[in-house]
There are 2 protein chains.
Amino acid sequence: MNLAHTDDTQLGVFADFDPKLSDSSRNAEVLFLGNIQPDLQRRVRAQADGSHLAALDSMNLWIDTARDSLVAAIGEVDCLLFNDSEIRMLTEEPNLARAARAVMEMGPSIVVAKRGEYGAVLFTREGFFALPGFLLEDVRDPTGAGDSFAGGFLGYLDMQGTDDPGPKALRRAMAYGTVLASFNVEEFGTERVARLTEDEITERYEALRVMTHFESV
Amino acid sequence: MNLAHTDDTQLGVFADFDPKLSDSSRNAEVLFLGNIQPDLQRRVRAQADGSHLAALDSMNLWIDTARDSLVAAIGEVDCLLFNDSEIRMLTEEPNLARAARAVMEMGPSIVVAKRGEYGAVLFTREGFFALPGFLLEDVRDPTGAGDSFAGGFLGYLDMQGTDDPGPKALRRAMAYGTVLASFNVEEFGTERVARLTEDEITERYEALRVMTHFESV
């Protein structure tokens, strides 16, 4: 379940989609450009001129078929949230740390490499931070784990205020992303996330902290 | 580089190998049964009757060709150190947490799942603990990473005294295993590990702690 592979792609309604944002969407402080054709991402980005923190996800299809547009879109955001294999594919650099540095040279100052059940790594100009995935005995549906991660990550930063989040806030955001993704995969679709409570989120955040904490020498 | 695959196996000298331990080896407090034919592991285990903590590694070849012997060998040790894919293969259980529980039912109270560059997970009857791999910009040779991990992990427990290591010691041992494996892959063979200093180990241990540390809610 840890490998994303594409059997077929039918763009359907997105082929002629021309996004027009409402005023409230234009002025959102945090913008997440989910995976879609990169020219559409750029049109959304251009409209959302009120955002202080813009993030972008994509996939192998656009790296293969619309690389120049994708690189232009990446140059217009602060944060990239990609699968680790796609960061390597985009930069043609097999070493993840070097690949993340190559992405930063394209523009973003925050790069998050998602690794499925193995967790995620955060790269910034100051260094890196890594978390394993939250271990679960029952995983039902990995669909949407990456988007749930982005929701937890960016949602936390939005709550904190988004002008240049510092390392502590980014680390906590990584933990919230991990927690939200872990709930998402426990049931089909959005069932589990739809009925999540803040107490459940806090409890799992602490469980993740305990699960990864070890003491100094 | 993260996937171990076997092109060919020639047992060579091991086909007729009959290990005979010296008195000092028999009385070692910590025993590590590296990957070899499981009947040989059992013969070594039977001789090393002075050990308080016995650990075992193996591989897909023995799961396929000598499963009963391997299960018997696993029943005679306290700790299993396996690749995560081999824990799944041994137990025929795709979920790692459930697979680790199935291993504990065979005997060991400590199960370590090695995940290559993605780190390692510790399972005990009390719960689990997970660490990402130490991120490196230069990885030269993954050969021996698992054995270096075992050396760091068991070496730390040996230094601490080995009668029933508690959760804090086991977590620190996981971190030392991660650190030693990370040095090992930086150069070919044992070159890097052979000239390691204690200060370098301590420094990277702290770097790993910083790399994975985040604060409470």
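Sequence positions are assigned chain by chain, starting from 1 and proceeding in written order. Going through the entries in the order they are written, you letter the chains from A and number the ligands from 1. Per-residue local features are limited, in this predicted model, to residues with pLDDT of at least 70; the limit for side-chain atom pairs, both in listing and counting, is 80 or more; totals at the level of whole chains, interfaces and linings are taken over all residues. Note that water and hydrogens are dropped before the side-chain values are worked out from all heavy atoms of the structure.

**Q** Where do I start with the side chain of Arg45(A) in this structure?
**A** Residue and element names in this part refer to chain A. Secondary structure elements follow DSSP: runs of H or I no shorter than four residues count as helices, runs of E no shorter than two count as strands, and numbering proceeds from the N terminus. Note that arginine 45 resides in helix α2 (residues 38-47). We call a residue buried when its accessible area falls under 20% of the maximum for its residue type, exposed when it is over 50%, and partly exposed in between, using a 1.4 Å probe and counting protein chains only. Neither His nor the chain ends is counted toward charge; the positive residues are Lys and Arg and the negative residues Asp and Glu. By convention in these notes, a salt bridge is any Lys or Arg side-chain nitrogen within 4 Å of a carboxyl oxygen on Asp or Glu. Although buried, arginine 45 forms no salt bridge, and the nearest oppositely charged side chain, aspartate 78, lies 4.9 Å from it. Apart from the residues lying within four places of it in its own chain, the contact partners of arginine 45 are Leu31, Leu33, Ser51, Ala54, Glu76 and Val77. Residues count as neighbours in contact if any of their non-hydrogen atoms are within 4.5 Å of one another.

**Q** Looking at this model, I keep getting lost on the sheet that holds strand β5 (residues 120-124) of chain B. Mind explaining?
**A** Strand pairs in the sheet, formed through backbone hydrogen bonds, run parallel or antiparallel to each other. All names here are of chain B. Strand pairing follows a simple DSSP-based rule, namely that at least 2 bridges must link the two strands. Across the sheet, six strands lie side by side as β1-β2-β3-β4-β5-β6; this open sheet has mixed pairing. Every interior strand has two partners, whereas the edge strands, β1 (30-33) and β6 (127-131), have only one. Within this sheet the neighbouring strands show an average axis-to-axis angle of 15°, counted without direction. Pairing of β1 with strand β2 (residues 53-56), which is carried by four bridges, proceeds in the parallel orientation. Following the sheet pairing, phenylalanine 32 is matched in β2 by alanine 55. The strands touched by helix α2 (residues 38-47) are β1 and β2; relative to β1, the strand with the most contacts, the crossing angle is about 170°. Helix α6 (residues 96-106) contacts β3 (79-83), β4 (110-114) and β5 of the sheet and is inclined by roughly 50° relative to β5. Every angle, taken between N-to-C directions, lies between 0 and 180 degrees, and every axis is a line fitted to C-alpha atoms, over only the stretch in contact when it is a helix.

**Q** What am I meant to see in a negative patch on the surface here?
**A** Residues and elements named next belong to chain A. Patch rule: a residue counts if its relative accessible area is over 30% and it has no salt bridge; like charges are joined within 9 Å, and nonpolar side chains (Val, Leu, Ile, Met, Phe, Trp, Tyr) within 5 Å. Computed by Shrake-Rupley with a 1.4 Å probe, the accessible areas treat only the displayed protein chains as cover when residues are assessed. For the purpose of locating charges, the reference atoms are NZ of Lys, CZ of Arg, CG of Asp and CD of Glu. Together, Glu29, Glu126, Asp158, Asp163 and Asp164 give the surface a local cluster of negative charge. Positionally, aspartate 163 belongs in the loop between α7 (145-160) and α8 (167-184). For aspartate 163, a relative accessible area of 59% translates into the label exposed.

**Q** Just checking my understanding: could you explain the pairing of strand β3 (residues 79-83) of chain A for this structure?
**A** Each regular strand carries side chains that alternate between the two faces of the sheet. All names here are of chain A. Counting buried positions along β3 gives four out of five residues, so the element sits mostly inside the fold. Bridging between strand β2 (residues 53-56) and β3 involves two bridges; their strand directions are parallel. Paired with leucine 56 across the bridge in β3 is leucine 80. One ladder, built from five bridges, connects β3 with strand β4 (residues 110-114); its direction is parallel. Looking at β4, one finds that asparagine 83 is bridged to lysine 114.

**Q** Quick question: what am I supposed to make of the environment of Ile74(B) here?
**A** All names here are of chain B. Structurally, isoleucine 74 is set in helix α4 (residues 67-74). With relative accessibility at 0%, the residue isoleucine 74 sits in the buried group. The spacing of isoleucine 74 and serine 216 is 142 residues in sequence and 38 Å in space, taken between C-alpha atoms. In this view, isoleucine 74 contacts Leu56, Leu80, Phe82, Leu90, Met106 and Pro108; residues no more than four positions away in its chain are not counted.

**Q** I tried to follow the sheet that holds β3(A) on my own but got confused; where do I start?
**A** All names here are of chain A. Taken in spatial order, the six strands of this open sheet run β1-β2-β3-β4-β5-β6, and their pairing is mixed. Looking along the sheet, the strands with just one partner apiece sit at the ends: β1 (30-33) and β6 (127-131). Across the sheet, the axes of successive neighbouring strands diverge by a mean angle of 15°, strand direction being ignored.

**Q** Please clarify how the confidence of the model for chain A should be interpreted in this entry.
**A** Predicted coordinates in areas of low pLDDT are best not read in detail. Known as pLDDT, the predictor's confidence for each residue is given on a scale from 0 to 100. Scored by pLDDT, chain A has a mean of 94; 99% of the residues are at 70 or more. Here the prediction assigns the complex a pTM of 0.93, and the interface score ipTM is 0.91.

**Q** Where do I start with the packing of aromatic side chains in this structure?
**A** The description of an aromatic ring pair uses the distance of the two centres, along with the angle that the planes make with each other. In this analysis, rings of Phe, Tyr and Trp, with Trp reduced to its six-membered ring, are considered paired at centre separations within 6.5 Å, and the interplanar angle assigns stacked below 30 degrees, edge-to-face beyond 60, and tilted for intermediate values. A complete count under the given rule lists 13 aromatic pairs over all chains for this structure. Ring plane angle 20° and centroid distance 4.9 Å describe the contact between Tyr156(B) and Tyr176(B), whose orientation is recorded as stacked. Of this pair, Tyr156(B) sits in helix α7 (residues 145-160) while Tyr176(B) sits in helix α8 (residues 167-184), and the two are 20 residues apart along the sequence. Take Tyr156(B): its relative accessible area is 9%, and that puts it in the buried class. Through successive ring pairs, a cluster of aromatic residues spans Phe129(A), Tyr156(A), Tyr176(A), Tyr205(A) and Phe214(B). Geometrically, a lysine NZ or arginine CZ counts as sitting over a ring once it is within 6 Å of the ring centre and also within 35 degrees of the ring normal. Directly above the aromatic system of Phe183(A) lies the positively charged group of Arg204(A), at a separation of 3.9 Å from the ring centroid.

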